[in-house]
Every structure is written in C-alpha cells, then in structure tokens.
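Chain by chain, the residues run as shown.
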Amino acid sequence: MAIIETRALAKTFGKIQAVRGIDLDIQKGEIFGLLGPNGAGKTTTIGMLCTIVRPTSGTGVIAGFDIAKQPTQVRRKVGIVFQDPTLDTILTGRENLQLHARLYGIPPSVRSLWIEEMLDLVDLRERADDLTKTYSGGMKRRLELARGLLHRPAVLFLDEPTLGLDPQTRARTWEYIRKMAQKEETTVVLTTHYMEEAEAMCHRIGIIDTGRIIALDTPGNMIDTLGGDIVVINASQPPLDIIRSLPYVSAVKIAGETTEITMKSAHLHLAELLPLIPGVVSVEMRKPTLNDVFIKLTGRDIRVDAVESGESWVDSVARYRQRGR
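So, here is what we can say about the structure in this document. (Residues numbered from 1 in each chain as written. Predicted model: local features only at pLDDT ≥ 70, side-chain atom pairs only at ≥ 80, totals over all residues. Heavy atoms only, no water.)

## Quick notes on the sheet that holds strand β5 (residues 65-66)
The antiparallel open sheet is built from four strands, whose spatial order is β2-β1-β4-β5. The two strands at the open ends of the sheet, each matched to only one other strand, are β2 (16-27) and β5. With five bridges connecting them, strand β1 (residues 2-13) and strand β4 (residues 57-62) associate as antiparallel partners. Note on β4: the bridge partner recorded for I4 is I62. Contacts between helix α1 (residues 42-49) and the sheet are confined to β1, β2 and β4, with β1 contributing the most and set at about 120 degrees to the helix. (Pairing = 2+ DSSP bridges. Helix = DSSP H or I, 4+ residues; strand = E, 2+ residues; numbered from the N terminus. Contact = heavy atoms within 4.5 Å. Axes fitted to C-alpha atoms, helices over the stretch in contact; angles between N-to-C directions.)

## Focus: α1
For α1, a buried count of eight out of eight residues is recorded, marking the element as mostly surrounded by other parts of the structure. Within α1, the full set of buried residues consists of K42, T43, T44, T45, I46, G47, M48 and L49. (Buried < 20%, exposed > 50% of the residue type's maximum accessible area, 1.4 Å probe, protein only.)

## Regarding the packing of helix α4 (residues 108-121) against helix α5 (residues 137-150)
Relative orientation of the contacting elements α4 and α5 amounts to 145 degrees, with a least axis distance of 9 Å. Regarding α4 and α5, the two cross each other, and that crossing is right-handed. Facing α4, whose interface residues are W114, I115, M118 and L121, α5 presents A146, L149 and L150. Within the contact of α4 with α5, the residues separate by chemical class into seven nonpolar, no polar and no charged. (Left-handed = near helix turned anticlockwise from the far one by under 90°. Nonpolar A, V, L, I, M, F, W, Y, C, P; charged D, E, K, R; others polar.)

## Quick look at the nonpolar core
Ranked by size, the top nonpolar core spans 43 residues in total, and within it L150, L158, I205 and L290 carry the most contacts. When neighbours within four sequence positions are excluded, L150 is seen to be in contact with L97, H100, A101, I106, W114, I115 and M118. Membership of the second largest hydrophobic core comes to 25 residues, among which are L24, I46, V53 and V189. (Core = buried A, V, L, I, M, F, W, Y, C linked by side-chain atoms within 4.5 Å.)

## Focus on the packing of aromatic side chains
As enumerated under the stated definition, the model contains zero aromatic pairs in all. Positioned over the ring face of F13 is K11, at 5.1 Å from the centre of the ring. (Phe/Tyr/Trp six-rings, centres within 6.5 Å; stacked < 30°, edge-to-face > 60°. Lys NZ or Arg CZ within 6 Å of the ring centre and 35° of its normal.)

## Overview of the environment of T210
Within the secondary structure, T210 is located in the loop between β9 (204-209) and β10 (212-217). Given a relative accessible area of 47%, T210 falls into the partly exposed group. Not counting residues within four places of it along the chain, the set of residues in contact with T210 comprises R20 and A40.

## Comments concerning the pattern of salt bridges
Across all of its chains, the model carries 17 salt bridges by this definition. Across the salt bridge formed by R94 and E116, the nearest N and O atoms sit 2.2 Å from each other. With R94 in helix α3 (residues 93-103) and E116 in helix α4, this residue pair connects regions lying 22 residues apart in the sequence. The exposure class assigned to R94 is buried, which follows from its relative accessible area of 17%. (Salt bridge = Lys/Arg side-chain N within 4 Å of Asp/Glu carboxyl O.)

## A word on α4
Counting along an α-helix, one turn takes 3.6 residues, and residues three or four places apart therefore face a common direction. The first and last C-alpha atoms of α4 sit 20 Å apart over 14 residues, in line with the 20 Å expected at 1.5 Å per residue. Those residues of α4 not exposed but buried are R111, W114, I115, E116, M118, L119 and L121. The elements touched by buried residues of α4 are α3, α5 and α6 (167-184). Backbone geometry just after α4 places D123 at a positive phi near 60 degrees. (Expected span 1.5 Å × (residues − 1).)

## What about the environment of G211?
Its location among the elements puts G211 in the loop between β9 and β10. Judged by relative accessible area, G211 falls into the buried class, the value being 0%. On a C-alpha basis, the gap between G211 and R20 in space is 5.0 Å, while along the polypeptide they are 191 residues apart. Those residues in contact with G211 that sit more than four places away from it in its chain are A18, V19, R20, G21, I22 and A40.

## Things to note about the sheet that holds strand β6 (residues 78-81)
What the six strands build is an open sheet, ordered β6-β7-β8-β3-β9-β10; its pairing is mixed. Only two strands of the sheet have a single neighbouring strand rather than two, namely β6 and β10. Strand after strand, the sheet turns through a mean of 20 degrees between neighbouring axes, direction not considered. Pairing geometry for β9 and β10, over five bridges, is antiparallel. Of the residues in β10, the one forming a bridge with I205 is D217. Seen against the sheet, α1 touches β3 (31-35), β7 (155-159), β8 (187-191) and β9 and runs at an angle of roughly 135 degrees to β3.

## Digging into the packing of α3 against α4
Look at α3 against α4: their axes get within 10 Å of each other, and the N-to-C directions meet at 130 degrees. Judged by the inter-axis angle, α3 sits oblique to α4. The crossing of α3 and α4 is right-handed. The segment α3 lies against α4, with R94, L97, Q98, A101 and R102 engaging R111, I115, E116 and L119. Counted by class, the contact of α3 with α4 contains four nonpolar, one polar and four charged residues. (Parallel < 35°, antiparallel > 145°, perpendicular 65-115°, else oblique.)

What follows is the structure, given as structure tokens:
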C-alpha cells in the first residue's frame, strides 16, 4: 500500500523550474532514498512533501491527506530530522521529548510511556536527565531520531542523518533507523551523500536530476544496469577499438591516463584482456557501486556536490525562493 503518492508534482520559483513533474509511489514501511546532485530538485521535492513548500502544480498525498489542501493533517502524519541540529540544549533529553510531545498533542495518558519507549529504542535512558549540551554528536542525532518518531508519524523524513558522524556512530545510527522503521512500520524517506549507506539501507532509490526522476529501482537492479565488473587499467596507448569489440565488454571510458572498462565476469576474462593492451602499468578490478550508477546517470560524483554545499533543506528552499523573485 502506497503511503506517499505524487502525480506530476512540480514547482517553479519565478523562471526556475526546480521540480518538473514527479511521479512517485512509496510503500508503507519502505526505506526510500532520494538522491541527486545539488540543485537537482530533491530539496524542493522533500519540501513539498513536508508542506514547507507549496506545489505549483500536480498532486501529492501522504497517508491519505493532500499536501496542498490538507497541510495540517499531513504535518501530524510526518516527522522530520533536519541535517542541522535543532535540539534545545538547555533542556535535558527527556525535556526535549516532553516539549515535542506537548507540541504534537500526544495525550498525557500515553506521553510518558511513549517517551520511555523512544529513550529505550535509541539507548538514551541512562542519559535522559542530562542536559543535551553535554551529549556527543551521535547522542544528539539519536535523540533527534527519537523526537522525530515520538508522535508515531506515518512517514519520517531524514536529511543527511549521519552527516559528520564517525563511522562507528554512523553504523549505530543506521541500526536505530532500521529498528524504528521495523518496530513502528514507519516509512522513511532520506537524503544522503554516503552512497554505500544508501546501497545497504534503502529498499528503493530514486535518482533526481534537473527536476526529474531519472532512475527508480532497487540498489541491486540499478547496479546491474552497468553490465558487469569495473576494471581500471593504467596504460599509455590502450587499443580502444579492440577493447570495445570484445563480447564481454559493455563500456569503455577514458579518465586521464587510465582506462575504465566495464565487463562481465572480469575474473574469467581479465587474463584474456590484458595481453591485448601494451604497456600496462597497473590494473584494478572492483565490483560496481551505486556511486558508479550515479556518475553514469548524472555525470557527477555525489560526494563532490556534498563538499561544494552544506545546505540543509531549509537553507536550500530559502535560496530557491530568493532566486525566483
């Protein structure tokens, strides 16, 4: 059952077409990744789904409520964890959750029970009565996850949930996200520039560029479209025509002094390929990744875009609005 449905969803800011007609069906309990370069439209798409941005045209429905006509009802059904910290650091962890519970109108009869459940879920019960300004970055992120899920939303939106965390804390954060999605049957929609995380965590991924969804599938199926393993060879004059003519080679790309060859069953054919290439200096073989898919489709590495901009959803929406005036 689709918990999120959009049809021809679009948004323009003045002369800028930020989103150009998005059709999506995201299922209940699904972990869905929305990936794209900076300026591709993912920020505006998420903004519309969260009712932060009003669509120019098209429709969007979350948990049965129209994002344009019923924004208040939609907001009751969604939780949001922004990239930038939004905790009140002069309050304790428990007090942050109590404040959120009151704002969302959680009945007093279940308020304390739900707070304790969330604290247990993210392993923060022992530090619940400490000021959040004393929390580590990972603990703050876990508390924000608990807060975003406290009112039991149908959909949880996560903007770069592990950005800036060390690898161990990132791994634990994903464990909590997976547990929360399973325990509460919550649909999770996330953005991330850690492609290996998206590949491992997401049931499906939508890649957006120039305001359109250009690929939508499971990570495994997307990777399979590349047509095999990737072999990177450093050689001065590789015979490109001969390499391309080989039946097990699906793509050849030149990158500076290296030649990147996509081929089926490289472990079987590499010994046949190498004698055809004179002056080989080095050879690297690896399995393709979701980042390779991203580069093929968009022409850019998502990590480069991430370095170029540290904007959150709110920052980017404000930028779009300013440019559109």
